[in-house]
Amino acid sequence: MEFEYIDAHGHLNDKAFDADRDAIKAELLEQKIATVVVGTDVAMNEKAIALANPEEGRYAVIGQHPSDGHPEVFDNDRYRAWAKLPEVVAIGECGLDYYWPEAGEWSGDEQKEKRRQYHLFAEQIDIARSVDKPLMIHGRPTKGTMDAYVDILAQLREASRAPGPEIRGNAHFFAGDKEIARQFLDLGFTCSFTGVLTFTTDYDEVVRYLPKGSILAETDAPYVAPKPYRGKRNESKYVREVYAAIARIRGEDPEIMRKQLNENARRFFAL
Ligand SMILES: [Zn+2]
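Just so it is clear, the structure is predicted and the values come from calculations on it, not from any experiment.

Chemist: Even after reading the chapter, I still don't get the environment of Thr-35, so can you show me in this structure?
Modeler: For Thr-35, the position within the fold is in strand β2 (residues 33-38). Using a count of 30 C-beta atoms within 10 Å as the deciding quantity, one classes Thr-35 as buried. For the pair Thr-35 and Ile-6, spaced 29 residues apart in sequence, the C-alpha separation works out to 5.8 Å. Sequence-distant contacts of Thr-35, that is, excluding residues within four places in its chain, are made with Asp-7, Gly-10, Leu-12, Leu-28, Gly-57, Arg-58 and Ser-236.

Have a look at this one:
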């Protein structure tokens, strides 16, 4: 099936959709919008896999988020088995999240927490390589810094020195600057952007800087709905607004950009 739009990162598995998930599935299918359903822990991964149906444009990404919810012990065997499923198109969201001390949610030994996240990420990099699938990277720096991105890039470079298939991936909800983007490009990674582009100009420069083949559009639904839906529950169908924002910021023809973004997502996830 030819999809009009592809949401490269959303959470249709989130409890925010428990009440009307079937209606949303039907609507996405009818509007020819594909969605990549991203897991963050065991329960969310199970829901993502159950929702996946490539024929209907729903794909799963399985992984353990660096800091969301209760830190689960990483069940490596279970994740390895999931990673092999054909409907699983990437591993994540995984990475490093250093935002916690700012948010006041984290208290304890900072170095110990960073080590925990490093090892959790390392296991998932290894799994992605073992099945030759891309990584869906979550990076969130301490406010006013690029620290988590710097460490993610260092870890990816270190991992890529070990023998094995090339490490591929996407920096989801990209909030880095041009220099960080350049380093992801050097590794062959893409960067994805959300509805945030519709209400701030903070990322315009980096959106213009990236080559057109290195950008993905996502919603991260149910979070951060784009204008004019701000404050409401976000949905994959609003990825249209993200596509339009990317075309506008880059000064490209919307239809040409739409095709380009679809091609990027198809290539990235091997759809
Ligand atoms: Zn997400």
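Chemist: Looking at this model, I keep getting lost on the pairing of β2. Mind explaining?
Modeler: Within a regular beta strand, the side chains point alternately toward one face of the sheet and then the other, so they alternate between its two faces. Counting buried positions along β2 yields six of six residues, so the element is predominantly enclosed. What you see with β2 is no split at all: Ile-33, Thr-35 and Val-37 on one side and Ala-34, Val-36 and Val-38 on the other are buried throughout. Where strand β1 (residues 5-10) lies against β2, four bridges are found, and the strand directions are parallel. In the strand pairing of β2, Gly-10 is matched with Val-37. Between the parallel elements β1 and β2, the chain passes through helix α1 (residues 21-30) in a crossover that is right-handed. Examined bridge by bridge, β2 and strand β3 (residues 58-62) share four bridges and lie parallel to one another. Across the sheet, the residue bridging to Thr-35 is Arg-58, located in β3. As for the winding sense of the linkage, the β-α-β connection from β2 through helix α2 (residues 42-51) to β3 is right-handed.

Chemist: What is the right way to look at the sheet that holds β3 in this model?
Modeler: In sheet architecture, strand pairing relies on hydrogen bonds along the backbone and comes in two forms, parallel and antiparallel. Pairing is parallel in the open sheet, where eight strands are placed in the order β1-β2-β3-β4-β5-β6-β7-β8. Of all the strands in the sheet, the pair left with one neighbour each is β1 and β8 (215-217). The average undirected angle you get between the axes of adjacent strands in this sheet is 25 degrees. Bridge count between β3 and strand β4 (residues 88-97): three bridges; the pairing is parallel. Looking at β4, one finds that Ile-62 is bridged to Ile-91. Strands β2, β3 and β4 of the sheet are contacted by α2, whose axis makes an angle of about 155 degrees with β3.

Chemist: Where do I start with helix α5 (residues 110-131) in this structure?
Modeler: Side chains that are three or four residues apart share a direction in an α-helix, a result of its 3.6 residues per turn. With 22 residues, α5 extends 32 Å from end C-alpha to end C-alpha; this agrees with the ideal 32 Å at 1.5 Å per step. For α5, the full list of buried residues reads Gln-117, Leu-120, Phe-121, Gln-124, Ile-125, Ile-127, Ala-128 and Arg-129. Buried residues along α5 sit against α3 (76-83), β4, β5 (135-140) and α6 (147-160). Count one or two residues on from α5 and you reach Asp-132, which has phi positive near 55 degrees.

Chemist: In this structure, what is going on with the pairing of strand β7 (residues 190-193)? I would like to understand it.
Modeler: The side-chain alternation of β7 yields two buried faces, one formed by Thr-190 and Ser-192 and the other by Cys-191 and Phe-193. Bridging between strand β6 (residues 169-172) and β7 involves two bridges; their strand directions are parallel. Residue Ala-171 lies in a different strand from β7, and its bridge partner there is Cys-191. Handedness of the β-α-β unit built from β6, helix α7 (residues 178-186) and β7 comes out right-handed. Note that the unit made of β7, helix α8 (residues 204-209) and β8 has a crossover that is right-handed.

What counts, and at which threshold
- Residues numbered from 1 in each chain as written.
- Predicted model: local features only at pLDDT ≥ 70, side-chain atom pairs only at ≥ 80, totals over all residues.
- Helix = DSSP H or I, 4+ residues; strand = E, 2+ residues; numbered from the N terminus.
- Buried ≥ 20, exposed ≤ 12 C-beta atoms within 10 Å, placed from the backbone.
- Contact = placed C-beta atoms within 7 Å.
- Pairing = 2+ DSSP bridges.
- Right-handed = clockwise from strand over helix to strand, strands pointing away.
- Axes fitted to C-alpha atoms, helices over the stretch in contact; angles between N-to-C directions.
- Expected span 1.5 Å × (residues − 1).

The values are spatial; any link to function lies outside them.
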